[in-house]
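Inside the fold
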Amino acid sequence: MKPTTAAVLLKTVLAVSALAILLVACWGVPQYMEHVTYVRPSLSPWVIPMIAYGCLIAIPVLLAIGLLWRVFGTIPENGAFSMANARRFRIIAWLAAGDLALVLALAAFLLISGVTPAFILLCLIAAVYIGVVAVIVFLVLGALVRNAAQLKQDNELTI
Amino acid sequence: MPINVTLDIMLARRKMSLNELSEKVGVTPSNLSILKTGKAKGVRFSTLEKLCAALACQPANLLEYLPEEEKP
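Residues numbered from 1 in each chain as written. Chains lettered and ligands numbered in written order. Predicted model: local features only at pLDDT ≥ 70, side-chain atom pairs only at ≥ 80, totals over all residues. Heavy atoms only, no water.

1. With respect to the overall build of chain B
In terms of regular secondary structure, chain B is built from five helices and two strands. Secondary structure elements of chain B, listed N to C terminal, follow the sequence β-α-α-α-α-α-β. Relative to the 2.2 N^0.38 estimate, which gives 11 Å for 72 residues, the radius of gyration of chain B is 12 Å and therefore close to what a compact globule would have. With the C-alpha coordinates aligned to their principal axes, the bounding extent of chain B is approximately 35 × 20 × 20 Å. Within chain B, the fraction of its 72 residues that count as buried is 35%. Expressed as a percentage of contacts within chain B between residues at least 6 apart in sequence, the contacts between residues at least 24 apart total 63%. Accessible area for chain B stands at about 4700 Å²; split by element, carbon and sulfur atoms hold 53% of it. Looking at chain B, you have 10 positive and 8 negative side-chain charges, and the mean spots of the two groups are 6 Å apart. (Helix = DSSP H or I, 4+ residues; strand = E, 2+ residues; numbered from the N terminus. Rg over C-alpha atoms; globule rule 2.2 N^0.38 Å. Buried < 20%, exposed > 50% of the residue type's maximum accessible area, 1.4 Å probe, protein only. Contact = heavy atoms within 4.5 Å. Areas by Shrake-Rupley, 256 points an atom, 1.4 Å probe, with all protein chains shown as cover. Lys, Arg positive; Asp, Glu negative; His and termini not counted. Charge placed at Lys NZ, Arg CZ, Asp CG, Glu CD.)

2. Remarks on the pattern of salt bridges
Under the definition given, this model contains two salt bridges over all chains. Taking the shortest distance from any N to any O, the salt bridge between glutamate 156 of chain A and lysine 152 of chain A comes out at 3.3 Å. Remark: lysine 152 of chain A and glutamate 156 of chain A occur in helix α4 (residues 118–156); sequence separation between them is four residues, near one turn of the helix. The class of glutamate 156 of chain A is partly exposed, set by a relative accessible area of 48%. Among the ionic pairs, lysine 41 of chain B bridges to aspartate 154 of chain A, the shortest N-O distance being 3.3 Å. One end of the pair, lysine 41 of chain B, is in the loop between α3 (29–36) and α4 (45–55); the other, aspartate 154 of chain A, is in helix α4, on a second chain. Accessibility expressed as a relative area gives 44% for lysine 41 of chain B, which makes it partly exposed. You can call aspartate 154 of chain A partly exposed: its relative accessible area is 26%. (Salt bridge = Lys/Arg side-chain N within 4 Å of Asp/Glu carboxyl O.)

3. Observations concerning helix α1 (residues 3–39) of chain A
Compared with the 54 Å implied by 1.5 Å per residue over 37 residues, the 51 Å span of α1 of chain A between its first and last C-alpha is a close match. Valine 24 of chain A marks where α1 of chain A bends most, by close to 40°. (Expected span 1.5 Å × (residues − 1). Bend = angle between axes of the 7 residues up to and from the residue.)

4. Here we look at the confidence of the model for chain B
Residues and elements named next belong to chain B. On average, residues of chain B carry a pLDDT of 90, and 93% of them reach 70 or more. When pLDDT is averaged over each element of chain B, α4 comes out on top at 95 and strand β1 (residues 3–5) at the bottom at 91. Among the prediction metrics, the complex's ipTM stands at 0.82, with pTM recorded as 0.79. (pLDDT = per-residue confidence, 0-100.)

5. A short note on the nonpolar core
Residues Leu7, Leu21, Leu32, Leu35, Leu51, Leu55 and Leu62 of chain B are the most contacted members of the largest nonpolar core, which totals 20 residues. Counting residues per element, the ones that place at least two in this core are α1 (7–13), α2 (18–25), α3 and α4 of chain B. Considering every element that reaches this core, the biggest residue donor is α4 of chain B, with five residues. The contacts of leucine 51 of chain B, once residues within four sequence positions are left out, are Leu7, Leu21, Val25, Leu32, Leu35 and Leu62 of chain B. Listed in part, the 15 residues of the second largest apolar core include Leu68, Ile92, Ala93 and Val145 of chain A. (Core = buried A, V, L, I, M, F, W, Y, C linked by side-chain atoms within 4.5 Å.)

6. Some details on α4 of chain B
All names here are of chain B. Within the span of α4, buried status applies to Thr47, Leu48, Leu51, Cys52, Ala54 and Leu55. Taken around the axis of α4, the buried residues stretch over an arc of 165°, which confines them to a single face. When the buried face of α4 is taken as reference, the exposed residues oriented beyond 90 degrees from it are Phe45, Glu49 and Ala53. Downstream of α4 by a residue or two, alanine 56 has a phi angle that is positive, lying close to 50°. (Arc of directions from axis to C-beta.)

7. Regarding a nonpolar patch on the surface
Residue and element names in this part refer to chain A. Taken together, the side chains of Tyr129, Ile130, Val132, Val133, Ile136, Val137, Val140, Leu141 and Leu144 present a nonpolar region at the surface, about 790 Å² in accessible area. Residue position: leucine 144 is located in helix α4. What makes leucine 144 exposed here is its relative accessible area of 51%. (Patch = residues over 30% accessible without salt bridge, like charges linked within 9 Å, V, L, I, M, F, W, Y side chains within 5 Å.)

Listed below in structure tokens is the structure:
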């Protein structure tokens, strides 16, 4: 597969993911909260905080998508293995850690409040797992790309 | 760097330009310039062999070791 084609495909996946996240944050969460308050009117004070929380969770993900867009943009130029990309992966790991902290905060809040429906707990466990995996993967990826960038630089300066 | 490349001295002795050497050796002028200015991190043996053949010299004519305190 040509690097240009790979970059286009990857960027397409990112664009679709960003749209999906915006859809969930701006439409999905409000719709879900509307349903929840219909079933349990006592929860209506939580609508705005939950929508705000949904947006807060989405922001680091959208920033990470933006950084990955830049990383994929370097692929056709044969510049994937660069210190700049290594830094971007490290930043993405920090963004994932931030989101993980938000999810853990919500989990702790729900447990303390005694709100423990099985479905919500399962979703939170899945979200924590995904967050941990994302942090580890992007940290390791950043370290690998940094090593590769150093090797590439040494190779380019070996005549 | 303690290893100094004296390519410019050999080019002057052989009255050869960098472009001429580049054509003989098959290395781009920019890469030869990197070598000449001491910015290279290494030289492949194959490149060293081609340089020695083109300049009719020994590797010792192209490379010299300068300990840190003796650097000019």
